[in-house]
Structure formats: structure tokens, C-alpha cells
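Coordinate analysis (summary)
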Amino acid sequence: MDAIRILIADDNQIDRMVLSRIVRNQGHEVYEVANGVEAIEGYSSFRPDLILMDVMMPEMNGKEATRHIKANAGEDFVPIIFLTSLTDAQSLADCLGSGGDDFLSKPYNPTILQAKISSFSRMRQMHQTLQHQRDMIASNNEHLMHEQQVAKAVFDNVAHDGCLSADNIRYMLSPLSVFNGDVLLAAQKPAGGMHVLLGDFTGHGLPAAIGAMPLAEIFYGMTAKGFAIREILREINLKLKGILPVGFFCCAVVVDLNIERKNASVWMGGVPDCYLLRNNGKVETLTSRYLPLGVLSNEQFNDDLTEFPMAEGDRLFLWSDGILEARNQNGEMFGEQRLRHIFDHAHAELDVFEQIQQQLAQFTAGSERDDDTTLIEVRMLQESIRTDLDMHLDSGPLSGPIDWEMEYRLGPDTLKNFNPLPLMIHIMMEVPGLRAMGGQLYTVMAELFSNSFEHGVLGLDSSLKNSADGFVQYYREREKQLQVLQQGHIHITLSHQGDGRSGALTIRIEDSGAGFDYGGIQGQKNPYSGRGIPLISQVCESLNYLGKGNIVEAVIRWPVSPDKRTH
Amino acid sequence: MTVQASLAGNGRELTIKIDGRFDFSAHQEFRDAYEGVSSQVNCYTVDMGGTSYLDSSALGMLLLLRDHAGGDSADVTIVNCNQDVRKILTISNFEQLFKIQ
């Protein structure tokens with residue numbers, strides 16, 4: 001056994017010397033005192049591992065001194081063994097009652113003394129180990145909490161709220177949701193409308209949060225650059241498949257809300273049934289058709305969307321399984337039936353979103369909340385929300401490309417399955433003065449490009465779109481032509497001139513088509529087609545058709561004069 | 001929760017039976033059930049006759065088994081699911097990855 005430090009308190013000098021000799025002979029270090037007051041001082045100065053304490057002493061007796069020392073020791077364990085010539089049971093019991101840990105009767109038996117010292121020494125070590133481990137756990141936990149806060153702050157910057165605060169959205173999300181694996185993202189598309197994503201990662205804690213970061217970055221980044229929702233889905237799936245270990249994935253429901261066309265394209269993988277609540281109270285069920293994100297390779301991944309026409313005021317309700325699995329005190333789950341019940345009894349005066357919140361709160365009252373109940377309501381609007389970003393231009397000339405020109409020629413195979421708009425927008429956005437016009441530039445590019453492609457390269461007749469039936473036929477025809485496309489091209493030229501405080505961007509798109517008689521196009525107005533051109537005229541300083549009608553040239557000036565910023 | 005594994009068909013068919021809640025607590029046992037057996041096994045059956053509940057980490061474990069059994073060429077069948085378990089597998093569209101009977 002290792003040598004320890006022992007304090008001996010006894011007013012009888014002979015007894016003290018005898019005990020001290022025995023203990024020293026066993027190899028321990030000894031400090032001797034003659035009364036209780038000295039014992040308290042000795043404890044502070046000598047810091048003994050164990051105390052042998054006489055009960056009856058002058059100045060202060062052993063029991064009193066023990067109470068003081070135990071109080072001073074706090075959480076530390078200092079074994080105190082009482083030395084006594086008393087033998088009756090009550091006296092011995094009193095010794096332990098006053099805080100002593102054991103007693104030793106005089107005259108001392110060296111063998112028993114040694115056994116007791118080593119036994120308490122073991123106990124003290126065990127106590128120290130326990131204390132140490134407890135402190136380590138506490139400090140690790142504190143460390144972890146701190147790390148989570150930092151991670152959460154980083155996550156909030158990457159996966160910011162986007163446009164979750166838009167008028168047509170209501171949502172419920174636990175503040176620490178990132179660590180229960182739920183993500184809720186919404187972003188406005190450059191051309192109006194919005195993308196919404198509700199995701200639920202397998203597992204909890206950091207693994208879930210780590211997967212959510214690239215997901216949010218891709219979602220916001222690609223939406224802002226004008227990518228279509230299918231391309232975004234593919235990119236997210238590819239990324240998650242690449243970075244998440246097998247067995248980790250993200251159940252998700254993704255919505256592309258198209259306000260102009262009044263429909264929602266929905267992709268669902270691994271989430272429970274969601275509902276579409278019509279204006280008239282009718283409920284339609286949306287069902288997952290695909291595997292969660294991050295399970296399949298991109299070759300096997302299916303990005304088909306289901307389209308739901310939506311009238312103004314129709315609402316989509318999306319959630320993760322947290323709501324269905326929320327438990328009450330008896331361990332019962334909230335379940336699909338209770339949720340469905342709310343919808344089946346929906347009427348004009350009833351706020352369904354509030355009802356779900358209320359009933360869920362009532363149901364789970366008194367039970368430990370799992371706290372991963374994520375819910376979002378997305379309402380169809382009458383008109384696109386368009387927020388013009390204010391230009392925060394510093395005084396001083398702007399850096400960035402000012403005088404440049406680029407040409408991009410796309411052949412038939414490229415046109416079939418590649419969307420050049422994000423790349424084009426990306427190049428324009430390098431000009432600081434154009435950044436604030438991202439949405440308008442996108443609209444102009446999208447409109448001009450699809451006109452050149454559909455009417456020029458594919459040769460589709462826009463007059464088809466004059467009726468609702470023709471509209472459907474038009475898109476059917478477009479699909480057909482696209483399949484058999486073998487020749488044709490589109491030639492895009494972008495050029496920019498400016499002085500750093502103002503500038504002009506020229507977009508020129510030439511297609512291989514036959515062109516058209518562009519004399520009368522400006523006056524045309526019908527609800528199905530030609531919508532694009534007046535809109536573009538509003539943004540562009542000039543818009544001209546050239547050649548045989550297969551070339552269009554638009555000029556956009558910045559900064560925008562105030563009268564052009566109204567829509 | 002208990003996980004039992006048994007071999008049949010000359011050591012080529014492995015049946016893993018899960019009783020009770022199938023969640024993260026079964027993680028190690030479930031892995032041991034197929035990782036420890038001979039590499040001759042080419043046909044896997046997961047018997048959920050006694051499985052009362054399935055959570056998303058259990059779905060993850062099934063994907064791990066599928067990966068172990070050869071990924072896209074894996075022969076994994078899930079049998080005897082009760083209604084709740086079946087529903088969870090259906091929501092996740094796992095019938096696209098596993099034979100469910």
C-alpha cells in the first residue's frame with residue numbers, strides 16, 4: 001500500500017506516541033496534535049489523507065472537531081477514525097453519529113489498525129476517482145453544449161430563415177431543431193414564386209446537423225441562381241449520398257410553388273402523408289413516392305414531381321413524422337387519425353394551423369416533449385411576391401467586370417438537357433450594379449431564351465397557347481419535339497459597358513429558327529401567351545427583334561430609374 | 001428487444017428475427033447478427049413477426065444490411081410485418097429496395 005499522510009489527535013502524550021510509532025513503522029507520514037482546535041488547524045496546514053481522533057480532549061473534543069473538519073472538507077472525503085477506550089454500544093454509535101467513519105478501541109491492535117488504514121485509503125481513492133470522473137463529465141458536457149451553440153450559430157448563418165417570414169408561410173420549428181435532425185428552408189425564386197424544403201435527417205445530434213449544412217447551402221445557393229427544383233434535388237441527393245455514411249439519410253418534402261401558373265410541384269421521399277387543403281374545405285392527400293434523399297445514387301434517383309393546381313388561398317400542410325409520433329403521458333402517439341380529424345372538420349372560421357398546434361399541446365401536456373414537431377403551412381397567393389433588394393452601393397467606384405463580352409453557342413444535344421440560365425445569370429451577377437436586379441434579369445433571360453428555343457429551334461406555334469386546351473397541347477408538343485431534336489442552335493451574346501457607377505447590359509439571342517413577322521407583337525394581349533414580352537419591356541430600356549425575327553436584342557441599364565421599379 | 005439469427009439452406013440463407021422495438025438500441029446486436037456469419041450467405045430474411053415498432057435508425061440499419069449483402073444486387077426479404085411496421089416501410093418507400101412480404 002502507498003504511504004499516506006495521517007493526522008493523530010490525542011491529548012494523552014503516551015497514547016499518542018504509541019500510536020504514532022505503530023503508524024510510522026508502517027511507513028506513513030504523521031502529524032501530531034493534542035486537542036480539537038489544533039486538529040482543525042492541522043487539517044488545514046497538513047492536509048492529511050486520514051485522521052485518527054481521540055474522543056475526549058480539552059479545548060475542543062473530538063466530535064466537535066470532526067464536525068468542523070467535515071464541514072471544511074466539503075466534497076472531499078477525509079476518513080476520520082475515532083480512538084476510544086469506551087466499549088458500550090451507545091458511545092460507539094454516537095461516534096459515528098457525529099460524522100466519524102469508524103472507531104478503534106484502545107489498546108491498539110497494530111494488525112487491525114493497518115487493515116483499517118488501508119481499507120479507508122482504498123475508499124478515499126475510489127472517492128477521488130469518482131469525483132474526478134464526475135468533474136470530467138461535467139466539463140465535457142459544458143464543452144459539448146458550448147460546441148453545440150457555436151455549431152448552431154454557424155448553422156443559422158448557412159441555413160438562415162430564407163423567406164420563411166413571407167406572408168403566405170406559417171411554421172412551427174423547435175429552436176434547437178438542427179440537433180433533432182429537422183430542417184425547414186424556404187427561398188424565393190429569382191423569377192418569383194418560391195421553393196420550400198422540409199427535411200428530417202436520421203438520428204439526432206451532430207450527425208444530423210452536419211448533413212443539414214450542405215443541404216441548406218445547395219438549396220439556397222441553387223435557388224438564388226435560378227436552378228429548377230429538380231436540378232436542386234439531384235444535387236442535394238448526390239451530395240448527401242456522397243457525404244453521409246450508409247444508413248443515414250434525409251426524409252424530405254420539397255415544393256416548387258409557382259404563383260404565376262397557380263400550381264405546386266411536389267417531391268416527397270420518406271415523409272408521412274401531407275395534405276392540401278382547398279379553399280372550399282376539401283382535403284387532398286399527398287403521398288411519398290420515393291426513397292429519402294441520400295439513399296440512391298443519382299442514376300437511380302427519381303426526380304419526378306407531382307403537380308397540384310392550386311387556387312389562391314389553397315394551402316399545403318407539410319410535416320415530418322415528429323407530429324405523428326408526439327406522445328402523451330401514457331406513451332400513446334398523436335397519430336394520423338387525430339391529425340386527419342382536424343382537416344376533415346375544417347371550415348372557413350377554423351384556423352387549421354392553430355388547431356393543430358392547440359390539439360398537439362393538449363395531447364402532449366404533462367408528458368416529456370420530444371420537441372421535434374416541425375410543421376409548415378404554405379398558402380397560394382394571387383400575385384408573385386417580388387422584393388427588390390435595395391442597392392447598397394458604397395460611395396466610390398465599384399470594382400468588378402465593367403467592359404466585357406461573351407458568346408455562348410448551344411448545340412442540339414446541349415439544348416435537350418441543359419439549362420444555361422444559371423450560368424448566364426452567374427456571369428451577369430459578377431457586375432455589382434446588376435446584382436440588385438437578379439430577379440428581373442432572370443425573368444428577361446428566361447423569357448427570351450424560352451421564346452428562342454420553343455418558337456425558334458423547336459418551331460412551336462405560340463398561337464396554340466390562345467386557349468386552355470391549346471396550352472396543354474402546346475406543352476405536349478414541346479415534349480415531343482424535344483425528344484426528336486437533332487439540329488439547331490442558340491447563340492447567346494452578353495456584353496456590358498459602364499463606368500462603375502452606371503452601365504448597360506446587352507443580351508442578344510439568335511436562334512436557328514425561321515423567325516417571325518415581329519411587326520405586331522407589341523400590341524398582342526391574351527391571358528395565355530405573350531405575357532412575357534410586356535413584362536420584359538418594363539425592365540429593359542429597349543427590346544428589338546432583328547433579322548428575320550430570329551434575333552432578339554435587349555438592353556438593360558443600371559442603376560434603375562425609380563419609375564421602373566414599380567411592378 | 002431481442003435479435004436472433006439462424007442459418008438455413010446449407011449456410012446460404014440467414015434469417016434475422018427481431019422482437020420488440022427495433023430502434024437504435026438494437027444497433028450492435030443487429031450488426032453482429034450478420035457480420036459474424038460466414039461469407040457464404042447470399043440470401044437474407046429479416047423476420048419482423050415480433051417487431052412492434054420501427055424508427056428511422058432501424059431503417060438505417062436495414063440499409064446497412066442491404067449494403068453488406070451486396071448493395072443493389074442484395075437479396076434481402078422482410079417478412080411478417082405488422083400493420084404499423086408495414087406502414088413505416090411504405091412511407092419510406094423501402095419496397096423499392098427490399099422485397100417485403
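Residues numbered from 1 in each chain as written. Chains lettered and ligands numbered in written order. Predicted model: local features only at pLDDT ≥ 70, side-chain atom pairs only at ≥ 80, totals over all residues.

Glancing now at the pairing of strand β5 (residues 102-105) of chain A. Residues and elements named next belong to chain A. Sheet topology places strand β4 (residues 80-84) next to β5; 4 bridges connect them, and they run parallel. When the sheet's bridge partners are listed, Leu83 is paired in β5 with Leu104. Handedness of the β-α-β unit built from β4, helix α4 (residues 89-97) and β5 comes out right-handed. (Pairing = 2+ DSSP bridges. Helix = DSSP H or I, 4+ residues; strand = E, 2+ residues; numbered from the N terminus. Right-handed = clockwise from strand over helix to strand, strands pointing away.)

So, on to the sheet that holds strand β10 (residues 263-269) of chain A. All names here are of chain A. The strand order across the open sheet formed by 5 strands is β7-β8-β9-β10-β13, and the pairing between neighbours is antiparallel. Looking at the sheet topology across the chains shown, the edges are occupied by β7 (182-188) and β13 (306-309). Along the sheet, successive strands turn relative to each other by an average axial angle of 15°, direction set aside. Packed on one face of the sheet, helix α6 (residues 205-224) meets β7, β8 (194-201) and β9 (250-258) and runs near 10° to β7. (Axes fitted to C-alpha atoms, helices over the stretch in contact; angles between N-to-C directions. Contact = placed C-beta atoms within 7 Å.)

All names here are of chain A. Ranked by size, the top nonpolar core spans 94 residues in total, and within it Leu185, Phe219 and Val253 carry the most contacts. Among the elements that take part in this core, α6 stands out by supplying 9 residues, more than any other. Beyond its immediate stretch of four places on either side in the chain, Leu185 contacts Ala159, Gly162, Leu197, Ala216, Phe219 and Tyr220. Ranked by size, the runner-up nonpolar core spans 30 residues in total, among them Tyr442, Leu448, Val539 and Trp558. (Core = buried A, V, L, I, M, F, W, Y, C linked by C-beta atoms within 7 Å. Buried ≥ 20, exposed ≤ 12 C-beta atoms within 10 Å, placed from the backbone.)

This brings us to the interface of chain A and chain B. With 14 residues of chain A at the contact, the number on the chain B side is 12 residues. By residue class, the composition of the side of chain A that touches chain B is 7 nonpolar, 6 polar and 1 charged. (Nonpolar A, V, L, I, M, F, W, Y, C, P; charged D, E, K, R; others polar.)

Okay, the confidence of the model for chain A next. All names here are of chain A. On average, chain A scores 85 in pLDDT, and the residues at 70 or more come to 91%. Of the regions scoring below 50 in pLDDT, residues 388-397 engages in 7 contacts with residues more than four places distant in sequence or in other chains. Low pLDDT, under 50, characterises residues 522-529; the stretch is placed with 9 contacts to residues that sit more than four places away or in other chains. (pLDDT = per-residue confidence, 0-100.)

All names here are of chain A. One open sheet accounts for 5 strands, arranged β16-β17-β18-β20-β19; its pairing is antiparallel. Where the open sheet ends on each side, the last strands, each with one partner, are β16 (404-410) and β19 (542-546). In this sheet, neighbouring strand axes are inclined to one another by 10° on average, regardless of whether the strands run parallel or antiparallel. With respect to the sheet, helix α12 (residues 421-428) is in contact with β16, β17 (490-498) and β18 (503-511), its orientation differing from that of β17 by roughly 10°. Sheet strands in contact with helix α14 (residues 438-457) are β17, β18 and β20 (551-558), and its direction is about 15° off that of β18.

Here we come to the environment of Val254 of chain A. Residues and elements named next belong to chain A. Tracing the chain through its elements places Val254 in strand β9. Look at Val254 and you get buried, because 26 C-beta atoms sit within 10 Å. In sequence terms Val254 and Gly199 are 55 residues apart; their C-alpha atoms lie 8.3 Å from each other. Setting aside anything within four residues of it in sequence, one finds Val254 in contact with Leu197, Ile229, Leu233 and Trp267.

This part covers the pairing of strand β4 (residues 76-79) of chain B. Residue and element names in this part refer to chain B. The two faces of β4 differ: Val76 and Ile78 on one face are buried, but Thr77 and Val79 on the other face are not. As defined by bridge partners, strand β3 (residues 43-54) adjoins β4 across 4 bridges and the pair is classed as parallel. The residue bridging Asp47 from the neighbouring strand is Val79, located in β4. A crossover links β3 with its parallel partner β4, the connecting element being helix α2 (residues 56-68), and its sense is right-handed.

It is worth spelling out the packing of α12 of chain A against α14 of chain A at this point. All names here are of chain A. Packing of α12 against α14 leaves a shortest axis separation of 10 Å and a crossing angle of 140°. Viewed along their axes, α12 and α14 adopt a mutual orientation that is oblique. In terms of crossing hand, the pair formed by α12 and α14 is right-handed. Two secondary-structure elements touch here, α12 through Leu421, Met424, Ile425 and Met428 and α14 through Gly438, Leu441, Tyr442, Met445, Ala446 and Phe449. In the contact of α12 with α14, the residues fall into 9 nonpolar, 1 polar and no charged. (Parallel < 35°, antiparallel > 145°, perpendicular 65-115°, else oblique. Left-handed = near helix turned anticlockwise from the far one by under 90°.)

What follows concerns the confidence of the model for chain B. Residue and element names in this part refer to chain B. Within chain B, residue pLDDT values average 89, and 100% of them lie at 70 or more. Within chain B, no element has a lower average pLDDT than helix α3 (residues 83-91), which sits at 87, and none a higher one than β4, at 94. Our summary of model confidence lists the complex with pTM equal to 0.65 and ipTM equal to 0.77.

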